[in-house]
Amino acid sequence: MISGFAKTRNNKTIDRRNIMINSGTMGMPLHFGKMPKWLTSRMGKLGSAIIESVAQNYGKSEVLTRLSDPNWFQALGAVMGMQWNSSGVTATVLGSLKRRINPMASELGIYILGGKGRYAWNAPKQIRSVSNRHGLKGDELVRACELTRRVDNNAVQDGYNLYQQYFVVSDEGEWTGITQGMNTGSRRARRYHWHSPTVRSFVSDPHTGIVGERGGKILNLADKRADFARSNIVNLTKEKPSDIVDMYKGVTLPDRHDIQEQDINMKRLGSVLQLAYNREIDNFEDLLMMKGVGPRTLKALALTSEVIHGDSSRFEDPSRFAFAVGGKDGRPHPVDTKAYDETIDMLQDSVEKAKIGDRDKSKALKRLHNATKSVESRYTPSAFLSDLLDIEWKHAEKNGGMTFMGKTIKGVTRAITSAQNALLYGDKNEKN
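I will try to describe carefully the structure that is included in this document. Treat the numbers as computed from the prediction; the structure is a model and nothing was measured.

### Digging into the pairing of strand β5 (residues 161-170)
Step number 1: For β5, a buried count of eight out of 10 residues is recorded, marking the element as mostly surrounded by other parts of the structure.
Step number 2: Across eight bridges, β5 lies against strand β6 (residues 175-183) in antiparallel orientation. In the sheet register, Tyr-166 faces β6, and the bridge partner there is Ile-178.
Step number 3: If you look at the hairpin formed by β5 and β6, you'll find four residues sitting between the two strands, and Gly-173 has a positive phi there, around 95°.

Encoded structure:
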């Protein structure tokens, strides 16, 4: 948590040091389908390298902090090649991370517990195992895990039934909880992010405090004054759902597959493209090792470095990060596996070299983010999205870009992806 105080909208002061907050919610359309193997292996490699890099640069508390931010989490999934607004981001990102992060937990100090469906019920047993290994207060952590699930399941009485629960805990007892529910009737999913009170926060947005026009309740499950919440959590079901939902920082993604200009900070995306394609990189003498990198890999590296080094204000448009390597559903364009693999190699190399004290490449990636912001400060945005998509699709058709259907087929793959909106959502997407 950020230490200090926050002002509510009626100017009441809240002591942030004594509040365990819910970091927010993310509303997404339900997407179905099997994940292709060519993508899942890459997601694990890139995602774990990002997590390791964040830990190396800012500490493991920062990893938990960022995972608790709905926008950052969605941006992470987009950089990793998932559909930008897919509900499947939760299971695929955390599932791929879990397979790679847990084996290195003794070194990294972070465990990803729980899972999807029946695996969610394993979380308490797994928490106790980690607690015994590190001398943590297992009963308190299990209780926190159970409370997050019960609050999320009871606070929103509108048909969203939980089917996923992840509990990310450090070897020092700090934790982030991520749960997800679905409403099959509306074909929507809702993801909830929790953040323990002792985690240092990198964010500066209102979700670092609980703020709502109607006042609502502050859930301080760790504070001595929270006896009501601890012993009578079921009473939450008697409250008006609309009042309780006000406690969450809510982000809603639209029922459509395509990315539109309204979804993106065009100035920020444009500055990345300016750096990568117009060789603006040549103006930065301290980035010599980046100058031999192709434009698409440089674009992916710039957006990946922003996920690692950017502050919270930069993740309000998570769809922008889908332009790093593309998306599995062909939105905004097919995945460029060459740029993806080169990005993985460079990031993994920076992580491994940093472990033995050579931080040159790690520092270069951070400077790349700063260089992007420098270009951004003097970049004037323009309407270029349509042209960009045409360029990327032509490149994908010529060079074997990948979607969930396999290699891109000229004229065919784009036609199918263009029909997805109408097939899945009918006319509803016209309103978004």
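Structure shown, so let's carry the discussion forward.
### A look at the environment of Gln-348
Step number 1: Following the sequence through the fold, Gln-348 ends up in helix α12 (residues 337-355).
Step number 2: Along the backbone, Gln-348 and Ile-50 are 298 residues apart, and their C-alpha atoms lie at a distance of 8.6 Å.
Step number 3: Once residues lying within four places of it in the same chain are set aside, the contact partners of Gln-348 are Lys-45, Ala-49 and Arg-100.

### Things to note about unusual backbone geometry
Step number 1: The linkage connecting Arg-331 with the following residue, Pro-332, adopts the cis geometry, with an omega of 0°.
Step number 2: As for its placement among the helices and strands, Pro-332 is situated in the loop between α11 (295-309) and α12.
Step number 3: Although it is not a glycine, Arg-279 adopts a positive phi angle of roughly 55°.
Step number 4: Positionally, Arg-279 belongs in the loop between α10 (266-277) and α11.

### Quick look at helix α1 (residues 37-58)
Step number 1: Its 22 residues place the ends of α1 32 Å apart at the C-alpha level, agreeing with the 32 Å of an ideal helix rising 1.5 Å per residue.
Step number 2: Just downstream of α1 lies Gly-59, where phi reads positive at about 100°.

### Here we look at the nonpolar core
Step number 1: Core analysis: the biggest nonpolar cluster contains 83 residues, and Ile-50, Met-290, Phe-323, Tyr-340 and Leu-368 have the highest contact counts within it.
Step number 2: By residue number, the principal contributor to this core is α1, which donates nine residues.
Step number 3: Excluding anything up to four places from it in sequence, Leu-368 contacts Leu-275, Ile-281, Leu-287, Met-290, Leu-298, Leu-301, Ala-302 and Ser-305.

### Quick notes on the side chain of Thr-304
Step number 1: With respect to the helices and strands, Thr-304 occurs in helix α11.
Step number 2: A distance of 2.7 Å separates a polar side-chain atom of Thr-304 from the backbone oxygen of Ala-300.
Step number 3: Here Thr-304 is in contact with Leu-46, Ile-50, Val-79, Thr-343 and Leu-347, once residues within four sequence places are set aside.

### Digging into the packing of α1 against α12
Relative orientation and spacing of two packed helices are given, respectively, by the angle between their axes and the distance between those axes.
Step number 1: Relative orientation of the contacting elements α1 and α12 amounts to 35°, with a least axis distance of 9 Å. The two elements α1 and α12 cross, and the hand of that crossing is left-handed. Of the residues in α12, those in contact with Trp-38, Leu-39, Arg-42, Met-43, Lys-45, Leu-46, Ala-49, Ile-50, Glu-52, Ser-53 and Gln-56 of α1 are Thr-337, Tyr-340, Asp-341, Thr-343, Ile-344, Leu-347, Gln-348, Ser-350, Val-351, Ala-354 and Lys-355.
Step number 2: Residues belonging to the contact of α1 with α12 are distributed by class as follows: 11 nonpolar, six polar and five charged.

### Digging into the packing of α12 against helix α13 (residues 360-376)
Step number 1: The interhelical angle for the contact between α12 and α13, taken along N-to-C directions, is 125°, at an axis separation of 7 Å. Overall, the two elements α12 and α13 adopt an arrangement that is oblique. Mapping the contact onto sequence places Met-346, Leu-347, Asp-349 and Ser-350 in α12 and Lys-361, Ser-362 and Leu-365 in α13.
Step number 2: Looking at the contact of α12 with α13 residue by residue, the class counts come to three nonpolar, two polar and two charged.

### Remarks on the pairing of strand β4 (residues 110-116)
Step number 1: With respect to burial, β4 is a largely interior element, six of its seven residues being buried.
Step number 2: Judged from the seven bridges that link them, β4 and β5 form a sheet pairing that is antiparallel. Along β5, the bridge assignment pairs Gly-115 with Gln-165.

Cut-off values and rules
- Residues numbered from 1 in each chain as written.
- Predicted model: local features only at pLDDT ≥ 70, side-chain atom pairs only at ≥ 80, totals over all residues.
- Heavy atoms only, no water.
- Buried < 20%, exposed > 50% of the residue type's maximum accessible area, 1.4 Å probe, protein only.
- Helix = DSSP H or I, 4+ residues; strand = E, 2+ residues; numbered from the N terminus.
- Pairing = 2+ DSSP bridges.
- Contact = heavy atoms within 4.5 Å.
- Expected span 1.5 Å × (residues − 1).
- Core = buried A, V, L, I, M, F, W, Y, C linked by side-chain atoms within 4.5 Å.
- Polar contact = N/O pair within 3.5 Å; in protein donor to acceptor, adjacent residues only side chain to side chain.
- Axes fitted to C-alpha atoms, helices over the stretch in contact; angles between N-to-C directions.
- Left-handed = near helix turned anticlockwise from the far one by under 90°.
- Nonpolar A, V, L, I, M, F, W, Y, C, P; charged D, E, K, R; others polar.
- Parallel < 35°, antiparallel > 145°, perpendicular 65-115°, else oblique.

Read these as layout, nothing more, since geometry by itself doesn't imply function.
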